[in-house]
Amino acid sequence: MLNSDNKTDVIVVGAGPAGISCAITIARKGKRVVLIERGMFAGSKNVFGGAIYTQPTKEIFPNFETEAPVERRNIAHNFMILGKEDSTTISYRKSGNGSYSVIRGKFDRWAAQEAKNAGVTIVEQTVVRELIKNGTTVVGVKTELEDYYADIVVLADGVNSLLAKQTGLRKDIDTKDVALSVKEVLKLDKDIINHRFNVKDDEGVIGQIFGGPMLGILGLGFMYTNKDSVTIGLGVTLNDLVENNYRPFELLEQLKNHPSIAPLIEGGTLKEYNAHLIPEGGYKKIPKLCDNGVMIVGDAGMLVNNLHWEGTNLAMISGKLAGETAVEALNAENFSKKFLSRYEKALKNSFVIKDMHTYKDLMDICHERQKAFLDYYLKKINSFFEMFTTVNSVPKRENYWKFIKSIFTDRKICELFKDLWAIIRLLWGILL
Amino acid sequence: MNIDKKLYTLKYTPDSKSHLNPDKEQCKLCNSRNCTYICPAGVYEWNEEKQELIVNYENCLECGACRIACERKSLDWQYPKGTKGVTFKQG
């Protein structure tokens, strides 16, 4: 059975950024690789916020800036802190090409075509239901129609990865370890986007949104400018949705109606609404990423750096590193867990695991102190600027002291110390 | 804008059989019925009269939130068949 015709060198399950990067890396080294995708075409089941990062993307697709269907080159990051009605925005702007907004449906299709050109066999509209094992070694996959066999199977089947669960490497996910994200792509005239966001053609802006309808809950909003559309969305930990009985699309409506957001998207017509889960468990929830005959990459391995809105880059690089290990394993004809752990080692030596380790305590601290950091202080930042900009014939010194006093009287003093301690712990973890 | 209008922007190729199969007995015992509000497509509705969970699986966005949020872990959640389910053009 193992020598049937459906045997190849490597099977990659899932044509997202991780899977495509892995498959193309293997094919470029002259090995046979089959990439299996459940959607109508690569990209048709894929959802993300909106930006790909130039440097890591170039590692896989050196030509993407001139060849791929990109939308706008991001030249500004707006950090928007929303109160109930007001907002404070910090904007960092520098013309460069650090990232591009893209439409997944278009970009992933292009990337898959690149993979095809490099020699990857892509099988679309096919769901992998089960892994085929020989003893403790993964030797293939069962789809609805056929069984496929390979020396190595790479799981790039996304955040839900039912297959990673089957390997026993991944346990059930907790509601605290994922965020549910909903977003809308709103069609707007190119000139209107340029005008509202203060950019030229092909220049874009990333909005990173705190507070607003997400005050007090662990959630963040995002905004991306595309060529002739604007993407707006938010992600909230599933735990907070469950605890508060929130409907995610109602939160999104509230965000869209916020006085600081509404003028930016006014008149936009809905092109597409969609939703996706984001792995948010961080470093502590990364499973073992290899076993005999199998490796896990991208979201399936929970590789997301949520504070920096990074996911596709971790996916691409993890895919590439797994691809490199697969090639070495094929050359050595050794597909054991021990040999494939070279992938884990490479990942540990890369920014992927290093960054996730840097923020290992972030989620614990956020869950612990979310009422403080995602409600009280966000409002406080806005109330500071409200005080600073108000002209009411009250002497400024009085206003300052009233503001300072409020910090000590709004909440219990011990809460202040807990906040301070949380910040020290967080900084300690990040810097040392 | 209500959820139906939002979902209208998506291309669906529904299967004749549901890929989401809750254990209906467990649903009766469930306290929270998380699925009825966290689902971004409003797939789940509780029918008080019939004491039954209605599953509008044709509207599913395949995000997987219900699987994780299910209080009783009694939802058999699978991906739709290869040619079925939602297709995102924007993503």
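Residues numbered from 1 in each chain as written. Chains lettered and ligands numbered in written order. Predicted model: local features only at pLDDT ≥ 70, side-chain atom pairs only at ≥ 80, totals over all residues.

Q: Looking at this structure, how should I read the interface of chain A and chain B?
A: Interfaces are often sized by the accessible area lost when the parts come together. Each side of the interface is counted separately: chain A has 40 residues, and chain B has 26 residues. Elements with a contribution of two residues or more to the side of chain A that touches chain B: helix 4 (104-117), strand 11 (178-187), helix 7 (238-244), helix 8 (248-256) and strand 15 (269-279) of chain A. If one sorts the elements of the side of chain A that touches chain B by residue count, strand 15 of chain A sits on top with eight residues. Residues of the side of chain A that touches chain B, tallied by class, amount to 20 nonpolar, 12 polar and eight charged. (Contact = placed C-beta atoms within 7 Å. Helix = DSSP H or I, 4+ residues; strand = E, 2+ residues; numbered from the N terminus. Nonpolar A, V, L, I, M, F, W, Y, C, P; charged D, E, K, R; others polar.)

Q: Please explain the domain arrangement of chain A as it appears in this structure.
A: Domain parsing of chain A yields domain 1 (7-71 + 102-171 + 284-358), domain 2 (176-279) and domain 3 (362-431). Taking only C-alpha atoms into account, the centre of domain 1 of chain A sits 43 Å from that of domain 3 of chain A. (Domains from an automatic or database assignment.)

Q: I keep staring at the pairing of strand 10 (residues 147-155) of chain A and nothing clicks. Help me out?
A: Residues in a regular strand project their side chains so that they alternate between the two faces of the sheet. Residue and element names in this part refer to chain A. Across the nine residues of strand 10, eight count as buried, placing the element largely inside the fold. Pairing geometry for strand 1 (residues 7-13) and strand 10, over six bridges, is parallel. Counted as the bridge partner of valine 13 is leucine 155 from strand 10. As paired elements, strand 9 (residues 137-143) and strand 10 share three bridges and run antiparallel to each other. Along strand 10, the bridge assignment pairs glycine 140 with tyrosine 149. (Buried ≥ 20, exposed ≤ 12 C-beta atoms within 10 Å, placed from the backbone. Pairing = 2+ DSSP bridges.)

Q: How should the environment of isoleucine 75 of chain A be read in this particular structure?
A: All names here are of chain A. Inspection of the secondary structure puts isoleucine 75 in strand 4 (residues 70-82). A count of 22 C-beta atoms within 10 Å places isoleucine 75 in the buried class. For the pair isoleucine 75 and isoleucine 206, spaced 131 residues apart in sequence, the C-alpha separation works out to 8.2 Å. In this structure, isoleucine 75 is in contact with Arg93, Lys94, Ser95, Gly96, Val199, Glu203 and Gly204, ignoring residues within four places of it in sequence.

Q: Just checking my understanding: could you explain the packing of helix 13 (residues 362-389) of chain A against helix 15 (residues 413-431) of chain A for this structure?
A: Each packed pair of helices is defined by two parameters, the angle between the axes and the distance between the axes. Residues and elements named next belong to chain A. Between helix 13 and helix 15, the shortest axis-to-axis distance is 11 Å and the interhelical angle comes to 155°. As summarised for this structure, helix 13 and helix 15 are arranged roughly antiparallel, according to the angle between their axes. In this structure, helix 13 meets helix 15 at a crossing whose hand is left-handed. Along its contact with helix 13, which presents Leu362, Ile365, Glu368, Arg369 and Ala372, the element helix 15 presents Glu415, Asp419, Ala422, Arg425 and Leu426. Taken together, the residues of the contact of helix 13 with helix 15 break down into five nonpolar, no polar and five charged. (Axes fitted to C-alpha atoms, helices over the stretch in contact; angles between N-to-C directions. Parallel < 35°, antiparallel > 145°, perpendicular 65-115°, else oblique. Left-handed = near helix turned anticlockwise from the far one by under 90°.)

Q: Honestly, the nonpolar core in this entry has me stumped. Any pointers?
A: Considering soluble globular proteins, one finds that nonpolar side chains tend to be buried as a cluster. Residues and elements named next belong to chain A. In terms of nonpolar packing, the biggest core is built from 153 residues, with Val13, Ala23, Leu35, Val153, Val154, Leu180 and Met295 touching the most fellow members. Among the elements that make up this core, the one with the highest residue count is helix 10 (residues 312-332) (10 residues). If we ignore the near neighbours within four places in the chain, the residues touching leucine 35 are Val12, Ala15, Gly19, Ile20, Ala23, Ala115, Val120, Thr121 and Ile122. (Core = buried A, V, L, I, M, F, W, Y, C linked by C-beta atoms within 7 Å.)

Q: Got a minute to help me understand the environment of valine 123 of chain A in this structure?
A: Examined against the element boundaries, valine 123 of chain A turns out to sit in strand 7 (residues 121-123). The spatial distance from the C-alpha of valine 123 of chain A to the C-alpha of isoleucine 36 of chain A is 4.8 Å, given a sequence separation of 87 residues.

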